[in-house]
Each structure stands twice: as C-alpha cells, then as structure tokens.
Amino acid sequence: ARMLRRVTLTKLYRRAVRCKLRPSRCSKRNSFSLAKTQTNPYFCCMDVLTPEQRRKNMQAIRNKKTKIEELLAKSLRSKGLRYRRNNKDIFGNPDFTFRKLKIAVFCDSEYFHGKDWEINRLRIATNTDFWRKKIEGNIKRDELVNKSLKDDGWKVIRFWGDEIKKKLEFCTETIIKEIESKNH
C-alpha cells in the first residue's frame, strides 16, 4: 500500500510538472496548486481525480438501497417487521414507511444532509458555491418534509449514517418502540 501510494504521488507530481504546476500545502490531501505566473497570479487547488474519475465517483452515489439503508432493512426484517421502502406516494419519499401507523423513517448521510453543517461547511475546498447551495437546500428540504409529514399526522424518525452503522440495535429499538406506542 505504501509503495502504491508513492507511485501514485509520483505520477501526480509528473503530471503536475508537465502542466507547469507545483506541489502546494493548501490542504492535507495530495493536491497541487498553480504556480504564480504572469498569466495566473492566483493559487488554485486542483482536484486529485480527473474529471472522468470524479464523474464516475459521483454517479456511483445512490439514493436508493444505500449501505446504511440495507443495514437497517436487514435488522428490521430480522425483527419481523413489515415495511415499504422508498414510498413515492408519501411526500419526501421516506426510506421506510409503516403506512397504517403513519411512521416515516429516513436514513440520512452526514455529508449530503449537512450533519454539523456550521462546522463542516468550512471543510469544502472545491466548487464551494455549488456544494454549499446544494447541501443547504437539502437541509431546508428535510425541514420542509418533516413539517409537512408532521402536519399530516406522521411520526418522522431520522437517523444519521454513522448512527446506523455504530448503533444499529438502538435504531431498530427506536423504531420498534414507536410502532408499539402507535399500536396501543
């Protein structure tokens, strides 16, 4: 792994030299910045991945059947619970719905739904305007979905991805308790 990283860094450095770039210390990642020249007096961070690689990575991000969703689904199924996944009939397309009981469960990833957004918004280094606008829009949409569903009599439960990965039993028990409280 160490040798592979060294080879990768060497390739990146060679590519940077060909493009008249030099290594910078602008972030902890392996990035490069443009050298100060008369044509470009500004330092600019460059993405480590090529546009094709970045595009492929972004296309691989799914909104259905994510790992955190699959973990929770497997746990709920093992407890004998019946649910509907990604129900388009309900506003906000909850990841899991218990329609008769009016319970909607969402599995949110930390990055795209803005966990600790006031702190983490400063960590975005590339294409900041786009990502800040997108994530802040997601946060507003989540608030709108919560309010709308609560006004319609739904109980909304939201879990962060780390919560599901680290405390799966807690998440499952939270849903079971809510189901039991609605049944009685």
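Look above for the structure.
Counting from 1, residues in each chain are numbered in the order their sequence is written. Reporting of local features is limited, given that this is a predicted model, to residues whose pLDDT is at least 70; pairs of side-chain atoms are given and counted only at 80 or more, and all residues count toward the totals for whole chains, interfaces and linings. Here the side-chain values reflect all heavy atoms present in the structure, with hydrogen atoms and water set aside.

Undergrad: Help me out: how do you make sense of the packing of aromatic side chains in this one?
TA: Aromatic rings from Phe, Tyr and Trp, taking only the six-membered ring of Trp, are treated as a pair when their centres fall within 6.5 Å; an angle between ring planes under 30 degrees marks them as stacked, one over 60 as edge-to-face, and anything in between as tilted. Taken as a whole and assessed by the stated rule, the structure comprises six aromatic pairs. Where Phe112 meets Trp131, the ring centres are 6.0 Å apart and the plane angle is 55 degrees; that geometry is what we call tilted. Of this pair, Phe112 sits in helix H4 (residues 110-113) while Trp131 sits in helix H6 (residues 128-151), and the two are 19 residues apart along the sequence. Think of it in three bands: residues with accessible area under 20% of the maximum for their type are buried, residues over 50% are exposed, and the middle band is partly exposed, with areas taken using a 1.4 Å probe on protein chains only. In this structure Trp131 comes out as buried when scored by relative accessible area, which is 13%. Members of the aromatic cluster, each reached through a chain of ring pairs, are Tyr111, Phe112, Phe130 and Trp131. In this arrangement the basic side chain of Arg77 is found over the ring face of Tyr83, its NZ or CZ atom lying 5.2 Å from the centre. Lying over the aromatic face of Phe106, Arg158 brings its terminal NZ or CZ to 4.0 Å of the ring centre. Per the convention used, a helix needs a DSSP run of H or I reaching at least four residues, while a strand needs a run of E reaching at least two, with both numbered from the N terminus. Comment: the charge-over-ring label is applied if NZ (Lys) or CZ (Arg) is within 6 Å of the ring centre and within 35 degrees of the ring normal.

Undergrad: Could you clarify how one ought to interpret the pattern of salt bridges in this entry?
TA: Where side chains of opposite charge bring their charged atoms close, a pairing between them can arise. Between Lys or Arg on one side and Asp or Glu on the other, a salt bridge is scored when a side-chain nitrogen of the former is within 4 Å of a carboxyl oxygen of the latter. Under the defined criterion, the tally for this structure stands at nine salt bridges. As a salt-bridge pair, Asp89 and Arg99 come within 3.8 Å of each other at their nearest N and O atoms. Placement of the pair is Asp89 in the loop between strand S4 (84-85) and strand S5 (96-98) and Arg99 in the loop between S5 and strand S6 (103-108), with a sequence separation of ten residues. Residue classification places Arg99 among the partly exposed positions, given a relative accessible area of 48%. Between Asp108 and Arg158 there is a salt bridge whose closest N-O contact spans 2.8 Å. Here the residue Asp108 occupies a position in strand S6, and Arg158 occupies one in strand S7 (residues 155-160), the gap between them amounting to 50 residues. The class of Asp108 is buried, set by a relative accessible area of 5%. A relative accessible area of 23% places Arg158 in the partly exposed class.

Undergrad: Can you walk me through the sheet that holds S7 in this structure?
TA: In any sheet, the strands associate via hydrogen bonds between backbone groups, in a parallel or an antiparallel arrangement. Only strands that DSSP links by at least two bridges are regarded as paired with each other. The mixed open sheet is built from four strands, whose spatial order is S4-S5-S6-S7. Sheet topology places S4 and S7 at the edges, where each strand pairs with a single neighbour. With six bridges joining them, S6 and S7 adopt parallel strand pairing. Within S7, the residue paired with Ile103 across the bridge is Lys155. Whether two residues touch is decided by their heavy atoms; if any such pair falls within 4.5 Å, the residues are in contact. For every element, the axis is a line fit to its C-alpha atoms; helices are fit only across the contacting stretch, and the angle between N-to-C directions ranges from 0 to 180 degrees. Each of S6 and S7 touches H6; the most contacted strand, S7, lies at about 150 degrees to it.

Undergrad: I would appreciate a short explanation of helix H8 (residues 168-183) in the present structure.
TA: Residues spaced three or four apart along an α-helix face the same direction, because each turn holds 3.6 residues. Take the residue count of a helix, subtract one, and multiply by 1.5 Å to get its expected span. Its 16 residues place the ends of H8 23 Å apart at the C-alpha level, agreeing with the 22 Å of an ideal helix rising 1.5 Å per residue. Those residues of H8 lying buried are Cys171, Thr172, Ile175, Ile176, Glu178 and Ile179. The buried residues of H8 occupy one face: seen down the axis, they fall within an arc of 160 degrees. Think of the arc as the fan of directions from the helix axis to the C-beta atoms.

Undergrad: Help me understand a positive patch on the surface in this model?
TA: For patches, a residue must show more than 30% relative accessible area and have no salt bridge; joins then use 9 Å for like charges and 5 Å for nonpolar side chains, namely Val, Leu, Ile, Met, Phe, Trp and Tyr. The accessible surface values rely on the Shrake-Rupley method and a 1.4 Å probe; as for residues, cover is taken only from the protein chains in view. Positive charges are assigned to Lys and Arg, negative charges to Asp and Glu, while His and the chain termini are left out of the count. Lys charges are placed at NZ, Arg charges at CZ, Asp charges at CG and Glu charges at CD. Taken together, Lys67, Lys165, Lys166 and Lys167 make up a surface patch of like positive charges. Within the secondary structure layout, Lys166 lies in helix H7 (residues 161-166).

Undergrad: What is the right way to read the nonpolar core from this model?
TA: Inside soluble globular proteins, nonpolar side chains tend to come together where they are buried. One finds Leu72, Phe96, Phe98, Val105, Phe159 and Ile175 to be the most contacted residues of the largest nonpolar core, which totals 19 residues. The residues touching Phe96, leaving out its near neighbours within four places in the chain, are Glu69, Leu72, Ala73, Leu76, Tyr83, Arg84, Arg85, Ile103, Ala104, Val105 and Cys107. Residues belong to a common nonpolar core when they are buried Ala, Val, Leu, Ile, Met, Phe, Trp, Tyr or Cys residues joined through side-chain atoms within 4.5 Å. In this structure, Ile90, Val145, Trp154 and Val156 belong to the second largest nonpolar core, which totals seven residues.

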